[in-house]
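Residue-level structural notes
Residues per chain are reported as follows:
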Amino acid sequence: MVGNSPAPPLQDFSDAVVAGITILQWNCRKINTNIDQFKQFLYSRRKVFSVLCLQSLGVPRSELPVLENYHYPPFCCVDKGKVRTATYVIKSLQVTPIRSPAGIFADSCEINCTNGDTLKVINTYFPEGCVKVECTQWISELPVGRYLVVGDFNAHHSLWEGPGSSLAGGGQLVADHIMNSDLCVLNDGSPTRIPDHAGQKPTAIDLSLVSSSLYSMCEWDIHTDTLGSDHLPMWTHIHGNSPSVSVSSELRYNYHKADWTLFTNQLSSADYSALESVSSTDEHYTNFSKIIVEAADKAIPKKPVKVISKFPPNPWWNTACQEAVKSKRKAFSKYKRSPTETNYNNV
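Small disclaimer: the values here were computed from a predicted structure and weren't measured. Just so you know, the residues in each chain are numbered from 1, in the order the chain's sequence is written. It should be noted that, the model being predicted, local features are given only for residues of pLDDT at least 70 and side-chain atom pairs only at 80 or more, the latter also being counted only at that level, while totals for whole chains, interfaces and linings use all residues. Calculated side-chain values reflect all of the structure's heavy atoms, with hydrogen atoms and water omitted.

Structural notes on the packing of aromatic side chains
So the rule is basically this: Here a Phe, Tyr or Trp ring, Trp counted by its six-membered ring, pairs with any other such ring whose centre lies within 6.5 Å, and the pair is stacked when the planes are under 30 degrees apart, edge-to-face when over 60, and tilted otherwise. The cut-offs for exposure are 20% and 50% of the maximum accessible area for each residue type, with area from a 1.4 Å probe on protein chains only; residues under the lower value are buried, those over the upper are exposed, and the others partly exposed. Throughout this description, the term charge over a ring refers to an Arg CZ or Lys NZ atom that lies within 6 Å of the ring centre and within 35 degrees of the ring normal.
Throughout the structure, instances matching the rule amount to 9 aromatic pairs. Seen in terms of ring centroids, Y255 and W260 are 6.4 Å apart; in terms of plane orientation they differ by 0°. Their pairing is stacked. Taking the relative accessible area as the measure of exposure, Y255 reaches 49% and is therefore partly exposed. Its relative accessible area of 44% is what places W260 among the partly exposed residues. Between R84 and the ring centre of F105, over which it is positioned, the NZ or CZ distance is 4.5 Å. Over the ring of Y147 we find K120; its NZ or CZ atom is 5.8 Å from the centre of that ring.

Spelled out as structure tokens, the structure:
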């Protein structure tokens, strides 16, 4: 069976969804080639994904990977022997299949959330060139309720891509149905697909649509790594009950007791020569910040402060990890601004 390599050490998934529900979506472009990266991503994060909506898996139903702590087999849509969409739900949630809209590649389910509410999730995939009237009518016909519709629509429009978007792939048709529905777009214009060769621009063709009653309760985010696909994983968090928290203590500046005269004198007498000898913006920023921090340490006392976090820190996270992530994000940001082959290889 594809994708049954050992998973990394698991988090404690008990009571993972008391703070709400988080739904991951990702066009994995053949899950069997990306499963190891996906498992590492899935099981090493602080955030627990309650639902996994995957598209374009490219394997027979019998070869869908087993994902520990998630119901198996997942709900899925199969076409010509290959899985188009698959939805995995965490075992701590009760879930039942529901009928998907006719004429499209999709699987659908209704989830009983821990706060007593229900959520209907539609996971869909539109192959390129398949956005047509008969395949999109269902969007505007969904009843008012608690829906989350996610998937790769392969369509372009400024409603989700931002100004300057083309209307290719039937984007205007999809946008019209969304505007005539109870659904709201969560996308913020960020690219969701990163071409794997030069000459193409990043696009936002993966959509997250949610019922208007849930819109204000949602947070939407996107990962910075494609995990071997050409699409970025995205997730929607729908807030529910108050999250569990961890409390720690750290020292922070007590500005009420600061000696601002001393602080000003320290900055006036500081040695700024190091700022003139570097050409890198990052080095310049680091050296300038160091001068300010040294002055603050001498003029501003510190006090212990309680820090409340939704998630306890991972014990393996260190400065090297932080710098690696920072470098990755900078390279990705540079590629988005200038999608050249060289910049892509540096991501």
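More follows now that the structure is in view.
A short note on the pattern of salt bridges
Short version of the rule: Salt bridges, as used here, are contacts in which a Lys or Arg side-chain nitrogen is within 4 Å of a carboxyl oxygen on Asp or Glu. Put simply, DSSP marks the helices as runs of H or I at least four residues long and the strands as runs of E at least two long, and each gets a number from the N terminus on.
Overall, the coordinates contain 6 salt bridges when judged by the stated rule. Ionic pairing is found between R146 and D117, a salt bridge with its closest N-O pair at 3.7 Å. Of this pair, R146 sits in the loop between α2 (133-141) and β8 (147-152) while D117 is found in the loop between β6 (105-112) and β7 (118-125), placing the two residues 29 residues apart along the sequence. A relative accessible area of 24% places R146 in the partly exposed class. For D117, a relative accessible area of 30% translates into the label partly exposed.

What about the sheet that holds β8?
Strands in a sheet are paired, the pairing made by backbone hydrogen bonds, and the direction either parallel or antiparallel. Using the following cut-off: Whether two strands pair depends on DSSP finding at least two bridges between them. Note on method: axes are straight lines fitted to C-alpha atoms, helices fitted across the in-contact stretch only, with angles between N-to-C directions ranging 0 to 180 degrees.
Pairing in this open sheet of 6 strands is mixed, and the strands run β5-β6-β7-β8-β10-β9 from one edge to the other. For this open sheet the edge positions go to β5 (94-97) and β9 (183-185), each flanked by a neighbour on one side alone. Looking at each pair of strands side by side, their axes are set apart by 25° on average, direction ignored. Inspection of the sheet shows β8 paired to strand β10 (residues 206-211) by 5 bridges, in the antiparallel sense. Along β10, the bridge assignment pairs D152 with D206.

Observations regarding the layout of surface pockets
Our working rule: Lining residues are those with an atom within 4 Å of a point, where the points come from a 1 Å grid over the protein atoms alone and group into cavities, where a 1.4 Å probe fits but cannot get out, or pockets, open sets with protein on both sides within 12 Å along at least five of seven lines. Grid points are joined across faces, edges and corners, and a volume is the space filled by probe spheres set on the points. Note that Gly is not counted as nonpolar here; it falls among the polar residues with everything else outside the nonpolar set of Ala, Val, Leu, Ile, Met, Phe, Trp, Tyr, Cys and Pro and the charged set of Asp, Glu, Lys and Arg.
Here the second largest pocket is characterised by a volume of approximately 360 Å³. As for the second largest pocket, its lining consists of 18 residues, of which E128, N154, R193, I205 and H231 are closest to the centre. Class assignment for the residues of the lining of the second largest pocket results in 4 nonpolar, 8 polar and 6 charged.

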